[in-house]
Amino acid sequence: MRLFGSVLYTLHTITFLPVVIYVPALAFNQVSGINIYIVTPFVCATCIFYTLVGGIKAVIWTDCIQTFVMIGTMLAIIGKGTVDANGFGNIWDTNWAGGRLVFPELTLDPKVRHSTLALLVGGTTYFTYIFTLNQGMVQRYVSLPTVRKARYALSIYIFTSILLVAICCYAGLIVFTLYSQCDPLKTKLISAPDQLLPLLVMNSLGEYPGTAGLFIAGIFSAALSSLSTCLNAMAAVVLEDFYKPFVRKPLTERQTSFLMKGVVFLVGIVSTALVFVVAKLGTVLQLQMSIVGVTAGPVYGVFTMGMLMPWVKRKGAFYGGVSGLIGMTWILYKAQSDLASGEFTFPKKPVYTDNCSYSFEFTAYSNQTRIENADDDFFKIQHVSYLFYTIIGAVITIVTSTIVSLILDDGHESDPMLFSPVIRKFIAIPHHASIVGQDGNEMDCTVHTFVMQDNKVQ
């Protein structure tokens, strides 16, 4: 199971890193005009170099600096953008009139991308995985000396993540306010929705020397932080889970260094190559969360069973994890295929070009509203909101594991102390002890005790 979990994390890393690399390359392309396929190798080479040379210490210190640069950059952008948009009141009124301030739809339809149900159920599951079960995060927590400090670090991480998401949402309101009457996508001023923020930076801050570079530094900081973290975590996983369990002879310090640096270099090269695939797959945020959901679901399911479900055995957990991975891979493949063919589309808000200050060649523009047909009433699981991917993968894993465990009892009893304290009080814990009888002979006994909720053995 440990090896399977490591395989899932490897798949997660290999599919997630190209998206991370693509983001700064796209922003740099908008600011400088340099092709993203030229920028990408330089981005990766920079990150691979300092991760190879400095290891986890370099990753932690650069992450710390990059966080301040990233948040500082976004604060500068929204500050100047608010001034250009004539204040918060005008931003609010424009977005309200344009239908951009909409409460998530109260519906049980899982096909609605950002409904209240999708955000609360799917979003909570997704971010639980990101904050607590992701290998890169777990490495950070266990590197701290106490559980209390790990909780403290997690609290800071959650707070800064919420802050950054809120800043980005507000930046989106500013973007709509400034371009509500001249949509740059419709006029072909930009080629992808992910270039809207870089365009705002160039229009709003381009006249000030160095500000474009500051924005690029912020975007690169966000990307390099994630890239270096994943590369370093991947090196540790290969060493601890793919190498040490299968080799008796321990590595020397020099050999360990070569192995870990080789993994960093190889994973970095593969991720760079996959950027060419990511560039063809659509909007970055939805794509990234969809890809993560494929591997996050089985991992979430396995950890849930490991903490809360003592009836699930080893074989059941393994087969359940594999079924979850296969099922989610199929769903992602079918969803991307339907998006590419036009069978699966999302309705978009109307955009306008009534008050453009520049000339452009008009082209037909589609809001991608679904055409009603007989198949719309037929439920297709690949058409559910991408926010549900993690919970769907977890449910597939848990259900399959439970069924297999009932059919195939491998006779293995899990250590009750590994379960949540909430579950432990219901589990009998066998303890082996030697007792001296009246005749002076020792005999082995098994004593069943119960762990109460306060963790005291009764």
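The rules we used
Residues numbered from 1 in each chain as written. Predicted model: local features only at pLDDT ≥ 70, side-chain atom pairs only at ≥ 80, totals over all residues. Heavy atoms only, no water. Helix = DSSP H or I, 4+ residues; strand = E, 2+ residues; numbered from the N terminus. Buried < 20%, exposed > 50% of the residue type's maximum accessible area, 1.4 Å probe, protein only. Areas by Shrake-Rupley, 256 points an atom, 1.4 Å probe, with all protein chains shown as cover. pLDDT = per-residue confidence, 0-100. Contact = heavy atoms within 4.5 Å. Salt bridge = Lys/Arg side-chain N within 4 Å of Asp/Glu carboxyl O. Core = buried A, V, L, I, M, F, W, Y, C linked by side-chain atoms within 4.5 Å. Expected span 1.5 Å × (residues − 1). Phe/Tyr/Trp six-rings, centres within 6.5 Å; stacked < 30°, edge-to-face > 60°. Patch = residues over 30% accessible without salt bridge, like charges linked within 9 Å, V, L, I, M, F, W, Y side chains within 5 Å. Axes fitted to C-alpha atoms, helices over the stretch in contact; angles between N-to-C directions. Left-handed = near helix turned anticlockwise from the far one by under 90°. Nonpolar A, V, L, I, M, F, W, Y, C, P; charged D, E, K, R; others polar. Parallel < 35°, antiparallel > 145°, perpendicular 65-115°, else oblique. Disulfide = S-S within 2.5 Å.

The helix and strand tally for the protein stands at 13 helices and two strands. For the protein, with 458 residues in total, the buried portion stands at 42%. Surface exposure of the protein reaches about 25200 Å², of which carbon and sulfur atoms provide 66%.

As a further point, take the confidence of the model for the protein. Scored by pLDDT, the protein comes out at a mean of 79, with 86% of its residues at no less than 70. When mean pLDDT is taken per element in the protein, helix 12 (residues 389–407) scores highest with 91 and strand 2 (residues 442–450) scores lowest with 55. Segment residues 366–375: pLDDT under 50, and 16 contacts once partners within four positions in sequence are set aside and those in other chains are kept. Segment residues 450–458 is flagged for pLDDT under 50; beyond a separation of four residues in sequence, or across chains, it makes 19 contacts in the model.

Enumeration over the complete set of coordinates arrives at four salt bridges. Between aspartate 84 and lysine 80 there is a salt bridge, with the nearest N and O atoms lying 2.8 Å from each other. With a gap of four residues between them, aspartate 84 and lysine 80 both fall in helix 2 (residues 36–84), about one helical turn apart. Owing to a relative accessible area of 30%, aspartate 84 belongs among the partly exposed residues under this scheme. Of the charged contacts, one joins lysine 244 and glutamate 240 as a salt bridge, the two residues approaching to 3.0 Å between their closest N and O atoms. Classification of lysine 244 as partly exposed rests on a relative accessible area of 45%.

With that settled, the discussion passes to unusual backbone geometry. Of note in the backbone geometry, asparagine 86 takes a positive phi value of approximately 65° without being a glycine. With respect to the helices, strands and loops of the structure, asparagine 86 is situated in the loop between helix 2 and helix 3 (87–97). For asparagine 86, a relative accessible area of 63% corresponds to the exposed category. Of note in the backbone geometry, lysine 188 takes a positive phi value of approximately 65° without being a glycine. Taking relative accessible area as the criterion, lysine 188 reaches 58% and is therefore assigned exposed.

Soluble globular proteins: nonpolar side chains tend toward being buried together. Counting residues in hydrophobic clusters, the biggest one holds 86 residues, and the most contacted among them are Ile77, Tyr129, Phe215, Leu231 and Tyr389. Take this core: its biggest share by element is 14 residues, from helix 8 (residues 211–243). Not counting chain neighbours up to four residues away, the residues in contact with isoleucine 77 comprise Leu197, Leu200, Val201, Leu205 and Phe215.

As a further point, take helix 6 (residues 147–179). Taking 1.5 Å as the rise per residue, helix 6 with 33 residues should run 48 Å; its terminal C-alpha atoms sit 48 Å apart, in good agreement. Listed in full, the buried residues belonging to helix 6 are Ala150, Ser161, Leu164, Ile167, Tyr170, Ala171, Leu173, Ile174, Val175, Phe176, Thr177 and Tyr179.

Our next topic: the packing of aromatic side chains. One pass over the full model with this rule turns up seven aromatic pairs. On the basis of an interplanar angle of 85° and a centroid distance of 5.1 Å, the ring pair of phenylalanine 131 and tyrosine 157 is categorised as edge-to-face. Of this pair, phenylalanine 131 sits in helix 4 (residues 116–133) while tyrosine 157 sits in helix 6; the two residues are 26 residues apart in sequence, bridging distant segments of the chain.

Turning next to helix 7 (residues 196–205). A turn of α-helix holds 3.6 residues, and therefore any two residues three or four places apart point the same way. Within helix 7, seven of the 10 residues are buried, which leaves the element mostly enclosed by the surrounding structure. Among the residues making up helix 7, those that are buried are Leu197, Pro198, Leu199, Leu200, Val201, Ser204 and Leu205.

Here we take up a nonpolar patch on the surface. A cluster of nonpolar side chains, namely Met1, Phe318, Tyr319, Val395, Val399, Ile403, Leu406, Ile407 and Leu408, defines an oily patch on the protein surface of about 870 Å² accessible area. Where the nonpolar patch is concerned, the elements lending two or more residues are helix 11 (314–341) and helix 12. The leading source of residues in the nonpolar patch is helix 12, at five residues. Within the element layout of this structure, phenylalanine 318 appears in helix 11. By relative accessible area, which is 35% here, phenylalanine 318 ends up partly exposed.

What follows concerns the packing of helix 11 against helix 12. Between two packed helices, the angle of one axis relative to the other and the distance separating the axes together describe the packing. Axis separation between helix 11 and helix 12 bottoms out at 7 Å; the angle between their running directions is 145°. Regarding helix 11 and helix 12, the two cross each other, and that crossing is right-handed. Touching Lys315, Gly316, Ala317, Tyr319, Gly320, Gly321, Ser323, Gly324, Met328, Ile331, Leu332 and Ala335 of helix 11 are Tyr389, Ile392, Gly393, Ile396, Thr397, Thr400, Ser401, Val404 and Ser405, all from helix 12. Considered class by class, the residues forming the contact of helix 11 with helix 12 number 10 nonpolar, 10 polar and one charged.

A separate point is the side chain of asparagine 134. Among the secondary structure elements, asparagine 134 is positioned in the loop between helix 4 and helix 5 (135–142). On the basis of relative accessible area, asparagine 134 is assigned to the buried category, the value being 11%. Discounting chain neighbours no more than four positions away, the residues touching asparagine 134 are Tyr9, His12 and Tyr129.

Moving on, we get to the packing of helix 5 against helix 8. At a minimum axis separation of 9 Å, helix 5 and helix 8 run at an interaxial angle of 80°. As judged from the angle between their axes, helix 5 and helix 8 are roughly perpendicular. Contact residues: Gln135, Gly136, Gln139 and Arg140 in helix 5; Thr229, Asn232, Ala233, Ala236 and Val237 in helix 8.

Before going further, it helps to spend a moment on the state of the cysteines. For the coordinates displayed, the defined rule picks out zero disulfides. Free of any disulfide, cysteine 169 has its nearest neighbouring cysteine sulfur in cysteine 168, separated by 7.1 Å.

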